[in-house]
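These are the residues of each chain, in order.
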There are 2 protein chains.
Amino acid sequence: MKNLINDLKKSVLFKNKSSNELENLIMSANYKIVNLYKNETVFDVFSSTNYIGLVLSGELTVEKILPCGKLVVVFNKSCGEIFGEVAVFSDAEEYPCRVVAKTNCRIVLFSRKDFFKILTLDNDILYNFLYLISNKAFYLNSKIESLSLTSINQKVAHSIINDFNVSNKNRIVRLPFSKKVWANNLNISRASLYREIDYLCNNLIVKIIDSNTIKILDINKLNSIYLG
Amino acid sequence: MKNLINDLKKSVLFKNKSSNELENLIMSANYKIVNLYKNETVFDVFSSTNYIGLVLSGELTVEKILPCGKLVVVFNKSCGEIFGEVAVFSDAEEYPCRVVAKTNCRIVLFSRKDFFKILTLDNDILYNFLYLISNKAFYLNSKIESLSLTSINQKVAHSIINDFNVSNKNRIVRLPFSKKVWANNLNISRASLYREIDYLCNNLIVKIIDSNTIKILDINKLNSIYLG
């Protein structure tokens, strides 16, 4: 129990809650804890939407398989993050995405009823949940903007600026997935993505630190590419 | 007051609430009622996110202007529908979209604080709100799927099936906007859209009823185009 409470405290959902408050809340609802091996599926596409999950340790990916067979990673979920909440409260009867363990994971699952009960018992948690779900819709909105862009250089510039929580201090971008998945997410070929990154490097707009890390050198030039 | 309550009762947000219950709730919060002329702007892009709106009469559009100047209609909002809720509860400080009156409108605006108060006072309304906001995220998700499709015939087929609440009975699709806006939303040219509709008509997959109405004649064939 103590472990669970400590893990839950890392989540934005339970921000500013004391261990005692959390323990009382969790005791008043049913939940189940599940341990998963790497590559195990948590929710499959077309399975019915009964549970909201929260990652206690490890990492998950929420992915969509397009009709053409291409895989798009919609979200990466790590310690403290919730998943499945949109499908559970919407009128979807089935999950639209597959949720898969990227590493060994420990998760906690709440039924819709139990999760809703927690929300009604504590206004802070309700506010945090509205924040999380709104940010998700906001992120999806920005992804639509990115996909609506037609030129490859606009798409890549928009993605570097908007998709990865760039730190304002040092302007370091950490890719949470491979360049192959990134290219799929942008709906462009891997070759086009590499070509565009080369262009940005040659013009001293970004610098490659390592295979997963990019540093933005000239945010103004990057912005002006995105604005077309 | 009686008019306001009757209009609010039409909203999914206040589903199953009696006039008395609604009156008590509304009395406990601040709100302002605004009358708008056609083409007036309610929220502009980059204005600060303080209010959630609900349409009492008339129609609004929520639109996004892409860097290239193209206009994308993200949502149409009619009587009973809410808008601005995602921006208000997310960490966005500015509205990402412009909200414009499509016809003369009457709307009610609640501040974040007052709206949140209403949610905490009534569990049914809270549940309805979670339903609305989740459905929005779900819709945005499906739009991402549509934009990620590469071929024009897949995009059009996906859009006809998913974007317009096709009635299951008679399979009638009503376009809430012009074909120009539809083409923009799909990120294809108007000529391509017309060509694709002609193809679908010639193959007896859909039939054009009038400029805003399409009837699906063969949903299986339409599905198989979308699935590629």
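All of these numbers come straight from a predicted model, not from anything done at the bench.

Peer 1: Looking at this structure, I do not really get the interface of chain A and chain B. What am I missing?
Peer 2: Frequently, the measure chosen for interface size is the accessible area removed from exposure when the parts meet. With 41 residues of chain A at the contact, the number on the chain B side is 40 residues. The junction of chain A with chain B conceals about 4,000 Å² of combined surface from both sides, 72% of it contributed by carbon and sulfur atoms. Seen at the junction of chain A and chain B, the total is 0 salt bridges. At the surface where chain A touches chain B, the tally comes to 4 residue pairs in polar contact (both at pLDDT 80 or more). Elements with a minimum of two residues in the side of chain A that touches chain B: α3 (85–89), α4 (112–121), α5 (123–148) and α9 (219–227) of chain A. At 18 residues, the largest contribution of residues to the side of chain A that touches chain B is made by α5 of chain A. Of the residues belonging to the side of chain A that touches chain B, the class tally is 23 nonpolar, 10 polar and 8 charged.

Peer 1: Sorry if this is basic, but what is going on with the sheet that holds strand β1 (residues 32–36) of chain A here?
Peer 2: Spatial ordering of the open sheet is given by β1-β8-β3-β6 (chain A), a layout of 4 strands whose pairing is antiparallel. Of all the strands in the sheet, the pair left with one neighbour each is β1 and β6 (82–83) of chain A.

Peer 1: For this particular structure, what's the right way to read the side chain of Ser90 of chain A?
Peer 2: With respect to the helices and strands, Ser90 of chain A occurs in the loop between α3 and β7 (98–101). Taking relative accessible area as the criterion, Ser90 of chain A reaches 5% and is therefore assigned buried. Looking at Ser90 of chain A, its side chain comes within polar contact range of the main-chain nitrogen of Ala92 of chain A, at 3.1 Å. Those residues in contact with Ser90 of chain A that lie beyond four places of it in its chain are Tyr131, Ser134, Asn135 and Phe138 of chain B.

Peer 1: Explain the domain arrangement of chain A to me, please; I cannot follow it from the model alone.
Peer 2: All names here are of chain A. Assigned domains within chain A: domain 1 (2–139) and domain 2 (148–227). Relative to domain 2, the C-alpha centre of domain 1 lies at a distance of 29 Å. Taken together, the contacts link 7 residues of domain 1 with 7 residues of domain 2. Where domain 1 packs against domain 2, one counts 1 residue pair in polar contact (both at pLDDT 80 or more). Among the elements that take part in the side of domain 1 that touches domain 2, strand β5 (residues 71–78) stands out by supplying 4 residues, more than any other. For the side of domain 1 that touches domain 2, the per-class residue count stands at 4 nonpolar, 1 polar and 2 charged.

Peer 1: Explanation requested: the pairing of strand β10 (residues 206–210) of chain A in the structure shown.
Peer 2: Residues in a regular strand project their side chains so that they alternate between the two faces of the sheet. In this structure, β10 of chain A lies alongside strand β11 (residues 213–216) of chain A, joined through 4 bridges in antiparallel fashion. Opposite Ile208 of chain A, over in β11 of chain A, you have Ile214 of chain A as the bridge partner.

Rules used in this analysis
Residues numbered from 1 in each chain as written. Chains lettered and ligands numbered in written order. Predicted model: local features only at pLDDT ≥ 70, side-chain atom pairs only at ≥ 80, totals over all residues. Heavy atoms only, no water. Contact = heavy atoms within 4.5 Å. Buried area = accessible area lost by both parts, 1.4 Å probe. Salt bridge = Lys/Arg side-chain N within 4 Å of Asp/Glu carboxyl O. Polar contact = N/O pair within 3.5 Å; in protein donor to acceptor, adjacent residues only side chain to side chain. Helix = DSSP H or I, 4+ residues; strand = E, 2+ residues; numbered from the N terminus. Nonpolar A, V, L, I, M, F, W, Y, C, P; charged D, E, K, R; others polar. Pairing = 2+ DSSP bridges. Buried < 20%, exposed > 50% of the residue type's maximum accessible area, 1.4 Å probe, protein only. Domains from an automatic or database assignment.

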